[in-house]
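A closer look at the structure
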Amino acid sequence: MTDKNIKVSIRHLYKIFGEDPASALKDVKGGLSKADLLETRNHVLGLNDINVDIKEGEITVIMGLSGSGKSTLIRHLNRLIEPTAGEVLVEGEDILKWNTRRMRKLRRESMSMVFQKFALLPHRTVLENAGMALATRGRKRAEYEGEANKWLDRVGLGGYGGQYPHQLSGGQQQRVGIARALTSNSDIMLMDEAFSALDPLIRTDMQDLLLELQDELHKTIVFITHDLDEALKLADHLVILNNGAIVQQGEPQKILLDPADPYIEDFVADINRARVLRVRSVMEKTPPEGEVSGEVDHDATLESVIADAQGQMDRRFRVMRRGRAVGTIEMPEIMRALVPAKSSAEAEESSDTAA
Amino acid sequence: MATYDGVFDTLGLRNWCDGGSSGAPMSMADLLAQTSGTENTTSFWDFPFPSLDALHDACGAIPQTRDLTQGLEAGFLALRDGLRVVVDPLTQPLSWMLREMLYVMTQTPWFIMLPVLLLLVYAVTRAWKIVGLVALFLAILAFVDHYGYAMETLAIIFVCAFICVLIGVPIGILMSRSDRMQRIVIPILDMLQTLPPFVYLIPLIFLFSVTEPKLYGIAVILYAIVPVVRLTDLGIRLVDKDVIEAADAFGMTRNQKLFGVQIPLALPNIMAGVNQTIMMSLAMVVIASMVSAPGLGILVLRGIRNLELGVGLVAGFGIVVLAIALDRVTKAALARIDASQSSR
Ligand SMILES: Nc1ncnc2c1ncn2[C@@H]1O[C@H](COP(=O)(O)OP(=O)(O)OP(=O)(O)O)[C@@H](O)[C@H]1O
Ligand SMILES: [Mg+2]
């Protein structure tokens, strides 16, 4: 799992908005904060020393509050925004050095994008929208029709090809957006808050659709969201952004169990941990000896284990992965994992009041 | 002696003043003063502004205002031949188009012309109601024997509006693509829009002979081109940023973006510009009848000049009717475009 190829790699990326970013960059590298930069020099620090490796075939989720620089970051991957400093390596090559022709080829053939506000062409039919990437490459309608229809069917919009976008609901429009990205047959998909404009139920549907497609297609997906539940559901690799800088990145379960920063603790405080945490991240890595109450899958959620144990505290389970025992899990461990680790600051406070 | 004599005397310029032209032509004021013989009685109340004429009285070397206007005229006449060499061939197709269009629209028998016009109306509006309205209006005009005049007016409007779109849309596109271009063009548009049409008719009359149709053609185009340029620029700039971003993200070239996304999405605004351009052409055609543009305007002019109230009123009514018809037809065409992309 860990030795997957790195598809896209972001190195020391900085973006400063303003009149004279180059000189502001020196101050930022010297340690000037976003707020101070805005106050003293009237420049906005968009991204501050970003380093991320995006692995092939994984969903990398970038999460952060509004204004944290998520959209700015994802737009650097296909150079809709030019950085102030840094590198963006796609399969080892720095695309910032590429000319317009090469960049256009990359955008047409290897990177597609799904937008928060769908951004479909309102004067084109659903079919023409889905085939937009191929049409842009110069294919005639007859040539892209088959491919576009295939993906429209796949996202559940078979038969809608002749409609116009405004005749569809928001959820359906975003399905067209996804079909458009899939029809381009690119291996990298950039999704900027692709589901944020949809209501919760539709949103869950779309997340399931995406996971289902991903099981089959193994695209390299960069997904942006401000919603932690969504991030935890989709992410293979989670990057948390605040004020233009990365606060923590890694496997979502690890971040949840071991938040690096009060900012992230706040973030994860309200999450339903039983439903998100998996057995494999809590278990003891030695198979049990002697009596057990049953077997659970290593990818099962804690919630399902608690249900299996019928709430009894003295239960012990053998953890199975592809038919092999890989560990043990006991109910007390599960209970401990359900309570967020107290931050050191809070712990001190409570000991103070106790004394 | 003149009021400002003292000034030149104290400055020691007397010699320079009297140097050349003692026999210069007198101004009207001089003549009057001579005949009435009240030269030295300028009271304080009549103290003149130091204008060219007043200064000339005191100092012969300073030109009169009359010299200024004559100089301008002479300069313009001298330039004219040079200008004509360039502008004449450039604008010749306009004369040609206007003549042909006038010929076709007035010489084709009415029983062919009217159905053709109505078919055209149907083609752009797809609404039988509007076709009926236009048919009624044209029938009324023909009934009071204004058919020929109306056709002349329409012919000029068609040609001029067509050229406005032909030139105006590309200018608007260029403006939308470059802020610098926009900064240059907008003051010119402002000027064209605020100048009273009579003001730029004057140089045009000197440049071209009054017998040439392009004289009024140019006047109409200059006046009517403004809205289509402005609204093309605005329309393209107003296209949804997200959609443009999507076009970029999927690797469209500038031209693919322009013709595949920006122009189609700006079309409602461009059509609104075309509507206004047509309406302004109509307004200007009437004024341009003073410089020999044929059509209903001639009758209005006759009404004013000869105080033929009835003639002027009927022609004015004809113009109103044409205006309503043109407005309805272009608005209906606009609504049709809007309906086909009513996503926003
Ligand atoms: N063109 C720009 N000029 C100046 N500042 C900008 C520009 N674009 C973005 N910013 C600033 O960069 C920061 C990050 O913006 P960005 O749009 O990336 O945030 P985001 O994380 O996507 O937020 P949201 O969830 O609201 O979409 C913000 O502080 C914003 O003000
Ligand atoms: Mg954003």
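Residues numbered from 1 in each chain as written. Chains lettered and ligands numbered in written order. Predicted model: local features only at pLDDT ≥ 70, side-chain atom pairs only at ≥ 80, totals over all residues. Heavy atoms only, no water.

Chain B has the name Glycine betaine/proline transport system permease protein in an unreviewed UniProt entry, where Pseudoroseicyclus aestuarii is given as its organism. Listed under Sequence similarities (unreviewed entry) in UniProt, the entry text for chain B is "Belongs to the binding-protein-dependent transport system permease family." Taken from UniProt, the Subcellular location (unreviewed entry) comment for chain B reads in full: "Cell membrane". (UniProt positions renumbered as here; feature names shortened; annotations may be inferred.)

Labelled according to an unreviewed UniProt entry, chain A appears under the name Quaternary amine transport ATP-binding protein, originating from Pseudoroseicyclus aestuarii. The Catalytic activity (unreviewed entry) field of the UniProt record for chain A holds the comment "a quaternary ammonium(out) + ATP + H2O = a quaternary ammonium(in) + ADP + phosphate + H(+)". Under the UniProt heading Sequence similarities (unreviewed entry), the note attached to chain A is "Belongs to the ABC transporter superfamily."

Observations regarding the sheet that holds strand 5 (residues 93–94) of chain A
All names here are of chain A. Strand order in the open sheet formed by 4 strands is 2-1-4-5, with antiparallel pairing between adjacent strands. Only two strands of the sheet have a single neighbouring strand rather than two, namely strand 2 (44–55) and strand 5. Where strand 1 (residues 6–17) and strand 2 come together, 8 bridges link them in antiparallel fashion. Considered in strand 2, the bridge of V8 is made with I54. Each of strand 1, strand 2 and strand 4 (85–90) touches helix 3 (residues 70–77); the most contacted strand, strand 1, lies at about 125° to it. (Pairing = 2+ DSSP bridges. Helix = DSSP H or I, 4+ residues; strand = E, 2+ residues; numbered from the N terminus. Contact = heavy atoms within 4.5 Å. Axes fitted to C-alpha atoms, helices over the stretch in contact; angles between N-to-C directions.)

What to know about the state of the cysteines
Residue and element names in this part refer to chain B. The full count for this structure, using the stated rule, is 1 disulfide over all chains. Linked covalently through their sulfurs, C17 and C59 form a disulfide whose S-S length is 2.0 Å. Judged by the sign of its S-S torsion, about -95°, the cystine formed by C17 and C59 is left-handed. On the criterion of sequence distance, the pair formed by C17 in helix 2 (residues 14–18) and C59 in the loop between helix 4 (52–58) and helix 5 (65–107) is long-range, its members being 42 residues apart. Taken as a pair, C17 and C59 share a single burial class, namely buried. Free of any disulfide, C160 has its nearest cysteine sulfur in C164, 6.7 Å distant. For C164, a relative accessible area of 0% translates into the label buried. (Disulfide = S-S within 2.5 Å. Buried < 20%, exposed > 50% of the residue type's maximum accessible area, 1.4 Å probe, protein only.)

Considerations on the sheet that holds strand 12 (residues 316–321) of chain A
Residue and element names in this part refer to chain A. Spatial ordering of the open sheet is given by 11-12-13, a layout of 3 strands whose pairing is mixed. Because the sheet does not close on itself, it has two edges, and the strands there are strand 11 (294–297) and strand 13 (324–330). Looking at each pair of strands side by side, their axes are set apart by 40° on average, direction ignored. One ladder, built from 4 bridges, connects strand 11 with strand 12; its direction is parallel. Bridged to E295 within strand 12 is R318.

Points about the domain arrangement of chain B
Looking at the assigned domains, one finds that chain B contains domain 1 (5–63) and domain 2 (82–342). Taken over C-alpha atoms, the centre of domain 1 of chain B sits 53 Å from the centre of domain 2 of chain B. (Domains from an automatic or database assignment.)

Observations regarding the interface of chain A and chain B
Counting residues at the interface gives 24 residues for chain A, matched by 19 residues for chain B. In this assembly, chain A packs against chain B so that about 1,900 Å² is buried in total across both faces, 65% of it on carbon and sulfur atoms. Summed over the three residues of chain A that lose the most area to chain B, namely A:P122, A:H123 and A:H166, the buried surface amounts to 26% of that side. Joining chain A to chain B, the criterion identifies 2 salt bridges. (Buried area = accessible area lost by both parts, 1.4 Å probe. Salt bridge = Lys/Arg side-chain N within 4 Å of Asp/Glu carboxyl O.)

Considering the environment of A:K105
All names here are of chain A. If you trace the backbone, K105 turns up in helix 4 (residues 100–110). A relative accessible area of 48% means that K105 is categorised as partly exposed. On a C-alpha basis, the gap between K105 and R137 in space is 8.8 Å, while along the polypeptide they are 32 residues apart.

Side note on the packing of aromatic side chains
According to the stated counting rule, one finds 5 aromatic pairs over all chains in the structure shown. Seen in terms of ring centroids, B:Y122 and B:W128 are 4.3 Å apart; in terms of plane orientation they differ by 20°. Their pairing is stacked. Take B:W128: its relative accessible area is 61%, and that puts it in the exposed class. For A:R102, the ring lying beneath its charged end belongs to A:W98, and the centroid distance is 3.9 Å. (Phe/Tyr/Trp six-rings, centres within 6.5 Å; stacked < 30°, edge-to-face > 60°. Lys NZ or Arg CZ within 6 Å of the ring centre and 35° of its normal.)

Focus: the UniProt feature "domain: ABC transporter" (unreviewed entry) in chain A
In the numbering adopted here, UniProt assigns the feature "domain: ABC transporter" (unreviewed entry) to residues 32–268 of chain A. Between the first and last C-alpha atoms of residues 32–268 of chain A the distance is 28 Å; the span itself is 43% helix and 22% strand.

Thoughts on the confidence of the model for chain B
For chain B, mean pLDDT is 87; residues scoring 70 or higher make up 92% of the total. This complex was scored by the predictor with a pTM of 0.82 and an ipTM of 0.85. (pLDDT = per-residue confidence, 0-100.)

Some points on the side chain of A:T328
Residues and elements named next belong to chain A. If you trace the backbone, T328 turns up in strand 13. Owing to a relative accessible area of 7%, T328 belongs among the buried residues under this scheme. A polar side-chain atom of T328 sits 2.4 Å from the main-chain carbonyl oxygen of T286. Filtering out sequence-adjacent residues up to four positions away, T328 remains in contact with M283, E284, T286, P287, P288, R316, F317, V319 and E333. (Polar contact = N/O pair within 3.5 Å; in protein donor to acceptor, adjacent residues only side chain to side chain.)

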